[in-house]
Amino acid sequence: DNKAILAIRDDVLGDISNGVDVDADFRRSAAKSVSMYQEAIADSTDEYFEYFEEYDLDSIYPVLVTDGFIAMAYYAFYEISTAPRSASEYHYMIYDLQTGKKMTEKDIFSNVGKAKEIIEKYIWEQTTEWQSGEEEDASQVTNEDVFNGNYFLNEDKFFVCYNSSVYFIPGGIDIEIPKEALKPYLKKDGPIYRYWFGEE
(Lines give C-alpha, C1' and ligand atoms only; values in the text may rest on other atoms or scores of the structure.)
Protein backbone atom coordinates (compact mmCIF):
# COMPACT_ATOMS: atom_id res chain seq x y z
CA ASP A 1 0.00 0.00 0.00
CA ASN A 2 3.03 2.29 -0.07
CA LYS A 3 2.40 4.65 -2.98
CA ALA A 4 6.04 5.74 -3.23
CA ILE A 5 7.26 2.14 -3.50
CA LEU A 6 4.63 1.34 -6.12
CA ALA A 7 5.62 4.41 -8.14
CA ILE A 8 9.27 3.36 -8.03
CA ARG A 9 8.37 -0.18 -9.10
CA ASP A 10 6.35 1.08 -12.05
CA ASP A 11 9.11 3.43 -13.17
CA VAL A 12 11.88 0.82 -12.89
CA LEU A 13 9.91 -1.69 -14.93
CA GLY A 14 8.33 0.83 -17.25
CA ASP A 15 10.96 0.78 -19.99
CA ILE A 16 11.05 -2.99 -20.29
CA SER A 17 7.81 -4.42 -19.02
CA ASN A 18 4.18 -3.94 -18.12
CA GLY A 19 5.07 -5.46 -14.76
CA VAL A 20 3.05 -8.63 -15.24
CA ASP A 21 5.63 -10.89 -16.84
CA VAL A 22 8.98 -9.12 -16.94
CA ASP A 23 10.87 -11.89 -18.72
CA ALA A 24 8.30 -12.40 -21.45
CA ASP A 25 7.85 -8.69 -21.99
CA PHE A 26 11.55 -8.11 -22.29
CA ARG A 27 12.02 -10.96 -24.75
CA ARG A 28 9.25 -9.52 -26.94
CA SER A 29 10.86 -6.09 -26.75
CA ALA A 30 14.31 -7.48 -27.62
CA ALA A 31 12.92 -9.46 -30.56
CA LYS A 32 11.21 -6.34 -31.89
CA SER A 33 14.45 -4.34 -31.60
CA VAL A 34 16.42 -7.01 -33.46
CA SER A 35 13.80 -7.09 -36.22
CA MET A 36 13.92 -3.32 -36.61
CA TYR A 37 17.71 -3.28 -36.92
CA GLN A 38 17.69 -6.17 -39.37
CA GLU A 39 15.24 -4.29 -41.56
CA ALA A 40 17.37 -1.15 -41.32
CA ILE A 41 20.57 -2.89 -42.30
CA ALA A 42 18.83 -4.55 -45.24
CA ASP A 43 17.97 -1.07 -46.55
CA SER A 44 21.37 0.43 -45.75
CA THR A 45 24.31 0.82 -48.14
CA ASP A 46 26.69 1.61 -45.26
CA GLU A 47 29.01 -1.36 -44.77
CA TYR A 48 29.75 -0.19 -41.23
CA PHE A 49 26.12 -0.09 -40.19
CA GLU A 50 25.83 -1.86 -36.83
CA TYR A 51 22.81 -3.49 -35.27
CA PHE A 52 22.00 -5.42 -32.14
CA GLU A 53 21.91 -9.17 -32.73
CA GLU A 54 21.03 -9.83 -29.13
CA TYR A 55 20.13 -7.68 -26.17
CA ASP A 56 19.56 -9.23 -22.80
CA LEU A 57 18.69 -7.91 -19.37
CA ASP A 58 20.68 -9.57 -16.62
CA SER A 59 19.22 -8.08 -13.47
CA ILE A 60 17.55 -5.16 -11.73
CA TYR A 61 18.57 -4.61 -8.14
CA PRO A 62 19.05 -1.98 -5.41
CA VAL A 63 22.63 -0.87 -4.81
CA LEU A 64 21.90 1.35 -1.82
CA VAL A 65 18.88 1.72 0.46
CA THR A 66 18.61 4.41 3.13
CA ASP A 67 15.80 6.04 5.10
CA GLY A 68 15.45 8.74 2.45
CA PHE A 69 16.21 7.20 -0.92
CA ILE A 70 16.93 4.04 -2.86
CA ALA A 71 19.50 3.70 -5.65
CA MET A 72 18.61 1.09 -8.27
CA ALA A 73 20.72 -0.43 -11.04
CA TYR A 74 20.14 -2.62 -14.01
CA TYR A 75 22.78 -4.40 -16.01
CA ALA A 76 22.43 -5.38 -19.64
CA PHE A 77 24.67 -6.77 -22.34
CA TYR A 78 24.38 -6.85 -26.11
CA GLU A 79 26.03 -8.41 -29.09
CA ILE A 80 26.81 -6.28 -32.16
CA SER A 81 27.29 -7.94 -35.53
CA THR A 82 30.33 -5.88 -36.52
CA ALA A 83 32.04 -5.78 -33.13
CA PRO A 84 34.72 -8.25 -32.04
CA ARG A 85 33.16 -8.78 -28.61
CA SER A 86 29.98 -8.23 -26.68
CA ALA A 87 29.45 -5.07 -24.69
CA SER A 88 27.72 -4.39 -21.41
CA GLU A 89 26.34 -1.39 -19.64
CA TYR A 90 24.93 -0.28 -16.32
CA HIS A 91 22.11 2.15 -15.71
CA TYR A 92 21.53 3.72 -12.31
CA MET A 93 18.56 5.58 -10.86
CA ILE A 94 18.06 7.26 -7.49
CA TYR A 95 14.51 7.50 -6.12
CA ASP A 96 13.18 9.61 -3.27
CA LEU A 97 11.42 7.23 -0.87
CA GLN A 98 9.03 9.94 0.29
CA THR A 99 7.69 10.83 -3.16
CA GLY A 100 8.61 7.81 -5.28
CA LYS A 101 10.05 10.14 -7.92
CA LYS A 102 13.36 9.67 -9.70
CA MET A 103 15.81 12.26 -8.39
CA THR A 104 17.38 14.63 -10.88
CA GLU A 105 20.25 17.03 -10.38
CA LYS A 106 17.71 19.72 -9.46
CA ASP A 107 16.50 17.53 -6.59
CA ILE A 108 20.03 16.85 -5.37
CA PHE A 109 21.87 20.15 -5.72
CA SER A 110 21.05 23.64 -4.49
CA ASN A 111 23.45 25.09 -7.07
CA VAL A 112 23.38 22.93 -10.19
CA GLY A 113 25.81 25.16 -12.07
CA LYS A 114 28.53 24.92 -9.41
CA ALA A 115 27.98 21.18 -9.02
CA LYS A 116 28.39 20.78 -12.76
CA GLU A 117 31.73 22.61 -12.65
CA ILE A 118 32.98 20.26 -9.93
CA ILE A 119 31.84 17.15 -11.80
CA GLU A 120 33.40 18.40 -15.07
CA LYS A 121 36.72 18.80 -13.22
CA TYR A 122 36.65 15.18 -12.08
CA ILE A 123 35.55 13.95 -15.53
CA TRP A 124 38.54 15.74 -17.04
CA GLU A 125 40.96 14.28 -14.48
CA GLN A 126 39.63 10.73 -14.71
CA THR A 127 39.44 10.44 -18.51
CA THR A 128 42.98 11.51 -19.37
CA GLU A 129 43.85 8.31 -21.21
CA TRP A 130 40.87 8.69 -23.55
CA GLN A 131 41.42 12.34 -24.38
CA SER A 132 42.64 13.13 -27.88
CA GLY A 133 43.95 16.59 -27.15
CA GLU A 134 41.21 18.22 -29.22
CA GLU A 135 38.67 18.57 -26.43
CA GLU A 136 37.75 21.94 -25.03
CA ASP A 137 35.64 20.78 -22.11
CA ALA A 138 34.54 17.67 -20.22
CA SER A 139 31.35 17.14 -22.21
CA GLN A 140 33.41 16.68 -25.37
CA VAL A 141 35.39 13.91 -23.67
CA THR A 142 32.31 11.95 -22.65
CA ASN A 143 30.12 12.89 -25.62
CA GLU A 144 27.24 13.07 -23.13
CA ASP A 145 25.70 15.72 -20.93
CA VAL A 146 27.50 16.02 -17.61
CA PHE A 147 24.18 15.38 -15.90
CA ASN A 148 23.09 12.31 -17.86
CA GLY A 149 20.72 10.97 -15.21
CA ASN A 150 22.88 7.87 -14.81
CA TYR A 151 24.32 8.28 -11.32
CA PHE A 152 24.45 6.65 -7.92
CA LEU A 153 26.41 6.98 -4.69
CA ASN A 154 27.90 5.15 -1.74
CA GLU A 155 28.81 6.35 1.74
CA ASP A 156 31.79 8.33 0.48
CA LYS A 157 31.31 9.24 -3.19
CA PHE A 158 28.93 10.33 -5.95
CA PHE A 159 29.28 8.50 -9.28
CA VAL A 160 28.36 9.58 -12.80
CA CYS A 161 28.30 6.54 -15.12
CA TYR A 162 29.20 6.71 -18.80
CA ASN A 163 28.51 3.51 -20.71
CA SER A 164 30.45 1.49 -23.26
CA SER A 165 29.11 3.46 -26.21
CA VAL A 166 31.31 6.34 -25.07
CA TYR A 167 34.61 4.54 -24.62
CA PHE A 168 33.90 1.18 -26.24
CA ILE A 169 34.98 -0.61 -23.10
CA PRO A 170 32.81 -3.22 -21.35
CA GLY A 171 30.80 -1.69 -18.55
CA GLY A 172 31.78 1.88 -19.35
CA ILE A 173 33.37 4.12 -16.76
CA ASP A 174 32.21 5.63 -13.47
CA ILE A 175 33.42 9.12 -12.63
CA GLU A 176 34.02 9.30 -8.87
CA ILE A 177 33.41 12.55 -7.00
CA PRO A 178 34.17 12.72 -3.25
CA LYS A 179 31.17 13.77 -1.18
CA GLU A 180 33.12 16.62 0.42
CA ALA A 181 33.67 18.20 -3.01
CA LEU A 182 29.91 18.40 -3.55
CA LYS A 183 28.86 19.28 0.00
CA PRO A 184 28.63 23.07 -0.51
CA TYR A 185 26.23 22.59 -3.45
CA LEU A 186 23.89 19.94 -2.06
CA LYS A 187 20.35 20.69 -0.93
CA LYS A 188 20.69 20.62 2.84
CA ASP A 189 17.12 19.46 3.33
CA GLY A 190 17.52 16.67 0.76
CA PRO A 191 17.91 12.94 1.53
CA ILE A 192 21.42 12.71 0.07
CA TYR A 193 22.78 15.52 2.23
CA ARG A 194 21.15 13.93 5.28
CA TYR A 195 22.63 10.54 4.38
CA TRP A 196 26.16 11.92 4.04
CA PHE A 197 26.26 14.67 6.63
CA GLY A 198 23.23 14.31 8.91
CA GLU A 199 20.68 16.96 9.72
CA GLU A 200 21.79 20.53 9.16
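Rules used in this analysis
- Residue positions are given per chain, counting from 1 as you read along its sequence in written order.
- At least 70 in pLDDT is required for a residue's local features to be given in this predicted model, at least 80 for side-chain atom pairs to be given and counted, and no such filter applies to totals for whole chains, interfaces and linings, which use all residues.
- Working from all heavy atoms in the structure, the side-chain values ignore hydrogens and water.
- Each helix is a run of DSSP H or I of at least 4 residues and each strand a run of E of at least 2, with the numbering of both proceeding from the N terminus.
- Buried residues are those whose accessible area, probed at 1.4 Å on protein chains only, stays under 20% of the maximum for their type, while exposed residues exceed 50% and partly exposed ones sit between those limits.
- Here a residue-residue contact requires only that any non-hydrogen atoms of the pair lie within 4.5 Å.
- Side-chain rings of Phe, Tyr and Trp, where Trp is taken by its six-membered ring, are said to pair if the distance between their centres is within 6.5 Å; with planes under 30 degrees apart they count as stacked, over 60 as edge-to-face, and otherwise as tilted.
- Lysine NZ or arginine CZ positioned within 6 Å of the ring centre and within 35 degrees of the ring normal marks a charge as sitting over the ring.
- A helix's residues, less one, multiplied by 1.5 Å, set its expected span.
- By construction, the arc corresponds to the directions joining the helix axis to the C-beta atoms.

Visitor: Could you give me a rundown of the overall build of the chain, with the residues and numbers involved?
Guide: Each helix and strand counted, the chain has eight helices and six strands in total. Ordering the α and β elements of the chain from the N terminus gives α-α-β-β-β-α-α-α-β-β-α-β-α-α. Residues classed as buried in the chain amount to 40% of the 200 residues present. For the chain, the proportion of contacts with a sequence separation of at least 24, taken over those separated by at least 6, is 51%.

Visitor: Go over the packing of aromatic side chains, please, and point to the residues and values.
Guide: Describing an aromatic ring pair means giving the distance of the ring centres and the angle of the ring planes. Scanning all chains against the criterion turns up nine aromatic pairs. Judged by centre distance (5.9 Å) and plane angle (70°), the ring pair of Phe109 and Phe158 falls under edge-to-face. Of this pair, Phe109 sits in the loop between helix H3 (105-108) and helix H4 (112-126) while Phe158 sits in strand E5 (residues 157-162); the two residues are 49 residues apart in sequence, bridging distant segments of the chain. In this pair, the class of Phe109 matches that of Phe158, namely buried. A connected cluster of aromatic rings, assembled from ring pairs, spans Phe109, Phe147, Tyr151 and Phe158. A cation sits over an aromatic face here: Lys183 above Phe197, 4.6 Å from the ring centre.

Visitor: Please provide a residue-by-residue account of H4, values included.
Guide: Taking 1.5 Å of rise per residue, 15 residues should cover 21 Å, and H4 covers 21 Å from first to last C-alpha, within 8% of that figure. Taken as a whole, H4 has its buried residues at Ala115, Ile118, Ile119, Tyr122 and Ile123. All buried residues of H4 project into a common sector of 140° when viewed along the axis, lining one side.

Keep in mind that these numbers describe shape and distance, not what the molecule does.
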